[in-house]
Structure formats: C-alpha cells, structure tokens
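The lines below spell out each chain.
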Amino acid sequence: MATETVTDVICPLCGSLCDDIEVIVEAGRITNVKKACPLGKSKIMGHGRIRAPMVREGGELREVSYDVAIERSAEILSDAKRPLLYGWSSLICEAQRKGVELAEEIGALIDNTASVCHGPTVIGVQGKGSPGCTLGEVKNRADLVVFWGCNPAEAHPRHRARYSHAAKGFFRPGGKKDRKVYVVDVRETKTAKVADEFIRVEPGYDYMVFSALRTILAGHEDVVPDTVGGVEKSKLIEMVDAMKSCEFGIIFGGMGLTHSRGRYKNLENVISLVDELNAHTKFTLMPMRGHYNVTGSGHTFAWLTGYPFAVDFSRGYAWYNPGETAANDVLLRGEVDAMMAIAADPGAHFPGESLRHMAKIPLIQIDPYPNPTTELADVVIPSAISGVEVAGTAYRMDGVPIRTRKIVDTDYLSDEEILERILTRVRELRR
Ligand code: SF4
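An unreviewed UniProt entry lists the chain under the name Formylmethanofuran dehydrogenase subunit B, with Candidatus Syntropharchaeum butanivorans as the source organism.

Help me out: how do you make sense of the side chain of lysine 43 in this one?
One can find lysine 43 in helix 1 (residues 38-45). With no salt bridge to any partner, buried lysine 43 finds its closest opposite charge in aspartate 367, at an N-O distance of 7.8 Å. Excluding residues that lie within four positions of it along the chain, lysine 43 makes contacts with Pro12, Leu13, Tyr292, Tyr369 and Ile385.

Looking at this structure, I do not really get the site of the ligand. What am I missing?
Surrounding the ligand, one finds Cys11, Leu13, Cys14, Leu17, Cys18, Ala36, Cys37, Gly40, Pro157 and Arg158. Looking at the shell around the ligand residue by residue, the classes come out as eight nonpolar, one polar and one charged.

What is the right way to read the pairing of strand 2 (residues 21-26) from this model?
Moving residue by residue along a regular strand, the side chains alternate between the two faces of the sheet. Bridge analysis of strand 1 (residues 3-9) against strand 2 gives five bridges, and the strand direction is antiparallel. The partner of threonine 3 across the bridge, within strand 2, is glutamate 26. Looking at chain direction, strand 2 and strand 3 (residues 29-34) are connected through five bridges and run antiparallel. Within the sheet, the bridge partner assigned to isoleucine 24 lies in strand 3 and is asparagine 32. If you look at the hairpin formed by strand 2 and strand 3, you'll find two residues sitting between the two strands, and alanine 27 has a positive phi there, around 50°.

Whenever I open this one, the packing of helix 9 (residues 206-217) against helix 10 (residues 233-245) confuses me. Can you help?
Packed helix pairs are specified by the crossing angle of their axes together with the interaxial distance, meaning the distance between the axes. Orientation of helix 9 relative to helix 10, taken along the N-to-C sense of each, is 65°, at an axis distance of 9 Å. The two elements helix 9 and helix 10 cross, and the hand of that crossing is right-handed. Across from Val209, Ala212, Leu213, Ile216 and Leu217 in helix 9, the residues of helix 10 making contact are Leu236, Ile237, Met239, Val240 and Lys244. Here the residues of the contact of helix 9 with helix 10 sort into nine nonpolar, no polar and one charged.

Thresholds, definitions, all that
- Residues numbered from 1 in each chain as written.
- Predicted model: local features only at pLDDT ≥ 70, side-chain atom pairs only at ≥ 80, totals over all residues.
- Heavy atoms only, no water.
- Helix = DSSP H or I, 4+ residues; strand = E, 2+ residues; numbered from the N terminus.
- Buried < 20%, exposed > 50% of the residue type's maximum accessible area, 1.4 Å probe, protein only.
- Lys, Arg positive; Asp, Glu negative; His and termini not counted.
- Salt bridge = Lys/Arg side-chain N within 4 Å of Asp/Glu carboxyl O.
- Contact = heavy atoms within 4.5 Å.
- Near = heavy atom within 4 Å.
- Nonpolar A, V, L, I, M, F, W, Y, C, P; charged D, E, K, R; others polar.
- Pairing = 2+ DSSP bridges.
- Axes fitted to C-alpha atoms, helices over the stretch in contact; angles between N-to-C directions.
- Left-handed = near helix turned anticlockwise from the far one by under 90°.

Pasting the structure below:
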C-alpha cells in the first residue's frame, strides 16, 4: 500500500494556524497526523462526518441528493423576508466571499462567530486603533508576555511553544529563559501554572485593573487604592515596572475580556494602556482569535462590505450596528424568518432564547460534522473539510494570510461549490 508523508500542512482548527503539520496518507486516506496538538489531530483525522445531504420530513431527517437539498435551501432563502446567514469562521475566504454575494442577493444579514467571541475586540479597535504586530515579531523580540483572560494551554495548545512563551527567536535564543510571562485571570488555569507570575483578578474587574495600571504609569499611584479588583497595589506597581522596563512587550487578550463586564470598554482601556506604554518602550496587543479563519471572515466581509461582522443587507446596502444587527440581536427579537448556519454550531453555543426562535424557523445547516445544530436543522448539507479536502486562504490570529492545502480527494462538495449552486438557483427563482 503506497504511503505518503505530506509535510507543511496547515491545521484548520484554531487561530494559531500551525503550518508545520505532517500528515500520513495511505491509499488516499489519512492514517496519522504528526506535530499537531490533540485538537488539531482530531480535526485533520476527521471524525463522525455527516454522510449525505438530508431534508426534514414529518419531523425526521431523510437522506436526499445534493440537488434536492440545494433546491430546498434556495427555496427557503428566496422566500425569506429576513434571512440570517451565520457562521463563516471554519472555512476558507473563497467561500466567505461567495457567502457575501449570496447575502447581498437576498438582502440577508450576514454575521460571523466574532459576534459571540472577539466582536468586542473589533469594536474596541474601531474606537481606539490597533497597536498590533505579527506572531513572528513576538517570537523573535518579546521579552515580556502577558496572557490576559486567555488560556492557550487548553484553547491554542501549541501557541506558547511556537510563538509566545517557549519559542526560541532571533533576539530571544534562550526561549522561555529570555522571557517573563504573566497570566492575569480569574482562576489559576493550566497556562497560569506554568507562567512566572499569576495575578488573580475578581470577575468583572479587568476594566478597573487596566485603569489602575494606567494611573500608576502616569505617575499617580498615590490615588490608587490598596487593592483593585482583588489585586494588591504593590503587585500592580511591580507589573507597571516590568512593562515599562521590557524591550518588547505583548498582551494577548482573550474571552476573559470580551465576555466579562465592560466587554468592548475593556478592550478600549487596554488599547489605551498599550498606547501609553509605547511612550516608554515597544508594546503591542493581540486578540487570541478562536477559529482558524475567524480573522479571515472579518477581513473578507470588510473588504467586500466595509464591515467585519454583523452586516445587514436588508436596506439594499451594507449596514452595521452590533447590538442591532448581530445574529443574537435578531434571533432574540424574533425578527429572523429563515437561517443558514455554515461552518459553526450555534445550536451548541447560542443562548436558549435564540435556540427557541431557531427551532421555529426554517434552518439550513452546511457543515462537515453533525452537531447540536443538526438536531434543529430542516436541511443539512455536508461539505468537504477546508484545509484537508479543499485548499484556500485563511488568516492567522495576527492577520497573516496562509494558503491552506488539499491533502486528500473527496466526494463531498466544497462550501464554495454548495454556495455557488444555491446562489445560482436563488437567482433563477427570483427572476
Ligand atoms: S495549536 Fe491550533 S492550529 Fe496548532 S495544531 Fe493545535 S489546534 Fe491546530
């Protein structure tokens, strides 16, 4: 049996977008994956696929052909007055572009998973700017790394080894020995256990801690109380000293900031802190983006519509106002009369009230894998796995574009082909 080792494969799971994976292929099938973390390995090896397109009839999903499922999807979307197209973070930019075309054609609201993830970071950046850098700069230059409200040891398992904590870089040949690592979080995570310093913040007090750091940095430590958000003032002074005296610092921000009290205000405050630190040294900020191409979905939406997520075409032009036009805004208000979920699992991750509305309206799912969304869907269309069975462009968490590769052939249609066929049929139905 012919065995082939494919090198430099891109892992299509998390925002680290590791590009050094090795995949063993025997007789057209992937039999092993090397160098990837367990999360990446399980995605590349594939697991429990949706076998065939399905349409719900009499309460049961029944297997049908691609033609039938695509026809039913086109009917649902062309009949809808307020359709929502949601997901877009675990597929390639070429499919995201096709999705925007479909949204414009039917006057839909198109939203990616940023609206339940780093949307507040995007809003913070829109308000205050983006003092960012690439992961290569972190690897080669950073001597101070702060993981704030994120836990890469579990969510981005190879991030610390490849880019941030232990990575050996040009100016940091000693890797871990050449860096000081802080973790600021509400609990002692796995990442905190291996950091040099763990600072525990009371839940919901990040904004105040950033304000205290900024106040100390500005030379007004006399007005800072003895503890802020559960953190001793002496610890905050120590942290400011470390930040001011480093050569290149970075704060990686996570869900602990975007999902807690303050949301985008937390981000505005930390961006201001980073700006102010740049009067003393070089300092940057990077969001720990989750899905491998959520950054790409923001870029694709923005270059086509002007806005990175929560884009509403119902007025005939692109309109953006998160709080009004994000997926959960329109679901919670019961506004949507049809929904397509693509490369995402809102059935598992949306609040109960949104799910109750999703259960009442026609729901189309496009995904390689069955998940809780499948249980609610009226039409289920299986797709090829981007980055394994389809090549295309993805953007790493730092905005660096990387071309994902096709490793094996498949009979499944790609997301782009499915969307193209739905769009063609929608146009015919609407003529
Ligand atoms: S760290 Fe992320 S990108 Fe890298 S192998 Fe693991 S899941 Fe894949």
